[in-house]
Amino acid sequence: MLLNRSERSFPRVIIIGGGFGGVEVARSLKDKEVEVLLIDRNNFHTFQPLMYQVATGTLAADAISFPIRKMFKSQQNFRFRMADVTEIDHAQKIVKTSVGDYDYDYLVIATGATSNFFGNKQVEKYALPMKSIHEALNIRSYVLQNLEEAVLRKNYHDRERFLNFVVVGGGPTGVELSGAIAEIQLHMLKKDYPELSKNEMKVYLVEGTGKILAALSEKSSQDAERYLRDLGVNVLLNAQVTGYDGNTITFSNGESIPTKTVIWGAGVMGQFPTGIRPEIIQRGNRIQTDGQCRVSGMENVYAIGDVAAMITEDTPRGLPGVAPAAQQQGAYVAKHILKQMNNEQTTDFKYFDKGSMATIGRNKAVVDMGRFHMKGFLAWLTWMFVHLVSIFGFRNKLVTFVNWTIKFFTKNSGIRLIINKYKRPDVEKETEVEYHS
């Protein structure tokens, strides 16, 4: 039972969002004289860096998900509510949710981000985003559904749009996803679909700027592009998407690709409930904070992770949207709250960049750690180790390791199941085709 403010012995810290940042705040407040209430629409935490492996069948959804209540089973001052947060009433210090209203003494907004289609409603209607487990499973189903549809078509012209897979966005998500789809083409297509030619399936990675992995070093970007091209991925640089009608994706240079599958990873935007003043919303729909993660003009309210824009002299464009940044902010905010309670002096948040990495298919990766650069098999082992130890739960670590080991030796992704068919919005114009009997 959750008590009202007048009945509580300790201040209540409400955390909205069970991602990396929110979980870290809650963990860092263990055994402290506060009541922690975490609210999320899902009852599980998702290890998002491996979501693309769910989308391409390497891992099952539960391998990268962990129940929030189980995560905090030994933390006595922790409570959880599965709910949608509808509004923040800062004047009354109340969070309004789909299961009731909760008052707070301190509030941490860690609601993360969703896909940003930059106002293109047509692309938003037909493209597949990948910011949740549900969306990753949609991609897995839809890729397989299109391969099944391709088998039914008699000639290549009719099959072409079902066998062209376009990934938009050359960041780590787009690079890793396009590499994984290319491996389906190389190692699985002929085994499962002998009616199809491996040369008919094409994978495209579309990037609007002149390089992929812009946040990494120039050397890593070049190595990653070379690895992708070696896998057969068609890397299109300086290509801005102008439209996608469900059958054809078009670009600003007038070119187009016939395709039924466009996966969107070109940008993100913050998501948060109502109650935040419009004047503090920054580019990318992010909440402006000061150097101590405090929301501008809202006392005892913090924003961290992808939803926050910490605009300072040291970070004029904000912090990178990566898990380590959110986790470091989470640990910092927990300490900041405790110092506030004890009237102790606080200092600004300092982000420690541990490096960046991306994997490109089987046994290829790039890693940047300061001035140190790795590539190839050693970088891939480093990538595997870092991600494996970061997953919550021994079972999840073991299942992931076993799946990776099997895939390494068999070159085969094991989970090619269409459990729930993905039904996308109807396309206005479909052409008549001849089917195989």
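Report follows, based on the coordinates. (Residues numbered from 1 in each chain as written. Predicted model: local features only at pLDDT ≥ 70, side-chain atom pairs only at ≥ 80, totals over all residues. Heavy atoms only, no water.)

**Observations regarding the nonpolar core**
Then comes step 1: Formed by 65 residues in total, the largest nonpolar core has its most connected members in Leu50 and Leu147.
Then comes step 2: Ranked by residue count, the leading element in this core is helix α5 (residues 133–152), at nine residues.
Then comes step 3: Ile15, Ile68, Val108 and Leu319 belong to the second-largest nonpolar core, a separate cluster that totals 30 residues. (Core = buried A, V, L, I, M, F, W, Y, C linked by side-chain atoms within 4.5 Å. Buried < 20%, exposed > 50% of the residue type's maximum accessible area, 1.4 Å probe, protein only. Helix = DSSP H or I, 4+ residues; strand = E, 2+ residues; numbered from the N terminus.)

**A closer look at the pairing of strand β7 (residues 94–97)**
Then comes step 1: Of the two faces of β7, only one is covered, namely that formed by Val95 and Thr97; the face formed by Ile94 and Lys96 stays uncovered.
Then comes step 2: The pairing of strand β6 (residues 85–89) with β7 spans four bridges and is antiparallel. Paired with Ile88 across the two strands is Val95, which belongs to β7.
Then comes step 3: The loop that links β7 with its antiparallel partner strand β8 (residues 100–103) comprises two residues. (Pairing = 2+ DSSP bridges.)

**Brief notes about the sheet that holds strand β1 (residues 12–16)**
In a beta sheet, neighbouring strands are held together by backbone hydrogen bonds and run either parallel or antiparallel to one another.
Then comes step 1: What the five strands build is an open sheet, ordered β5-β2-β1-β9-β22; its pairing is parallel. Each end of this open sheet is capped by a strand with a single partner; those strands are β5 (78–82) and β22 (301–303). Here the average twist between neighbouring strands, direction ignored, is 15°. (Axes fitted to C-alpha atoms, helices over the stretch in contact; angles between N-to-C directions.)

**Structural notes on empty space enclosed by the protein**
Then comes step 1: All told, the structure shown has three cavities of 30 Å³ or more when counted by the stated rule.
Then comes step 2: Estimated volume of the largest cavity: approximately 200 Å³.
Then comes step 3: Secondary-structure elements contributing two or more residues to the lining of the largest cavity are α2 (51–55), α7 (172–187), α11 (376–390) and α12 (394–410).
Then comes step 4: Here the lining of the largest cavity is composed, by residue class, of seven nonpolar, four polar and four charged. (1 Å grid on protein atoms, 1.4 Å probe; cavity = no way out; pocket = protein on both sides within 12 Å on 5 of 7 lines; lining within 4 Å. Points joined across faces, edges and corners; volume = space filled by probe spheres on them. Nonpolar A, V, L, I, M, F, W, Y, C, P; charged D, E, K, R; others polar.)

**What about unusual backbone geometry?**
For residues that are not glycine, phi is negative in most cases, and the peptide bond is trans in most cases.
Then comes step 1: The phi dihedral of Cys293 is positive, around 65°, even though this residue is not glycine.
Then comes step 2: Mapped onto the elements of the fold, Cys293 is located in the loop between β21 (286–289) and β22.
Then comes step 3: If you check the backbone angles, Asn363 has positive phi at about 55° while not being a glycine.
Then comes step 4: Among the structural elements, Asn363 can be located in the loop between β24 (356–359) and β25 (365–369).

**A short note on the environment of Arg153**
Then comes step 1: Looking at the element boundaries, Arg153 is found in the loop between α5 and α6 (156–163).
Then comes step 2: At a separation of 2.5 Å, a polar atom in the side chain of Arg153 contacts the side chain of Glu149. (Polar contact = N/O pair within 3.5 Å; in protein donor to acceptor, adjacent residues only side chain to side chain.)

**Structural notes on the pattern of salt bridges**
Then comes step 1: Under the criterion given, the structure shown has 19 salt bridges.
Then comes step 2: Here Arg12 and Glu35 are joined by a salt bridge, their closest N and O atoms 2.7 Å apart. Of the two residues, Arg12 sits in strand β1 while Glu35 sits in strand β2 (residues 35–40), which places them 23 residues apart along the sequence. Residues Arg12 and Glu35 agree in their burial class; the two are buried.
Then comes step 3: Because the salt bridges share partners, they merge into one network encompassing Lys219, Asp223, Arg226 and Lys375. (Salt bridge = Lys/Arg side-chain N within 4 Å of Asp/Glu carboxyl O.)

**Topic: the packing of α11 against α12**
Then comes step 1: Direction vectors running N to C along α11 and α12 enclose 155°, while the axes themselves pass 10 Å from each other. When the interaxial angle is binned, α11 and α12 end up roughly antiparallel. Note on packing geometry: the crossing formed by α11 with α12 is right-handed. Between α11, through Phe377, Trp380, Trp383, Met384, His387, Leu388 and Val389, and α12, the contact on the second element is made entirely by Lys397, Thr400, Phe401, Trp404 and Phe408.
Then comes step 2: In the contact of α11 with α12, the residues fall into nine nonpolar, two polar and one charged. (Parallel < 35°, antiparallel > 145°, perpendicular 65-115°, else oblique. Left-handed = near helix turned anticlockwise from the far one by under 90°. Contact = heavy atoms within 4.5 Å.)

On their own, these measurements won't tell you what the molecule is for.
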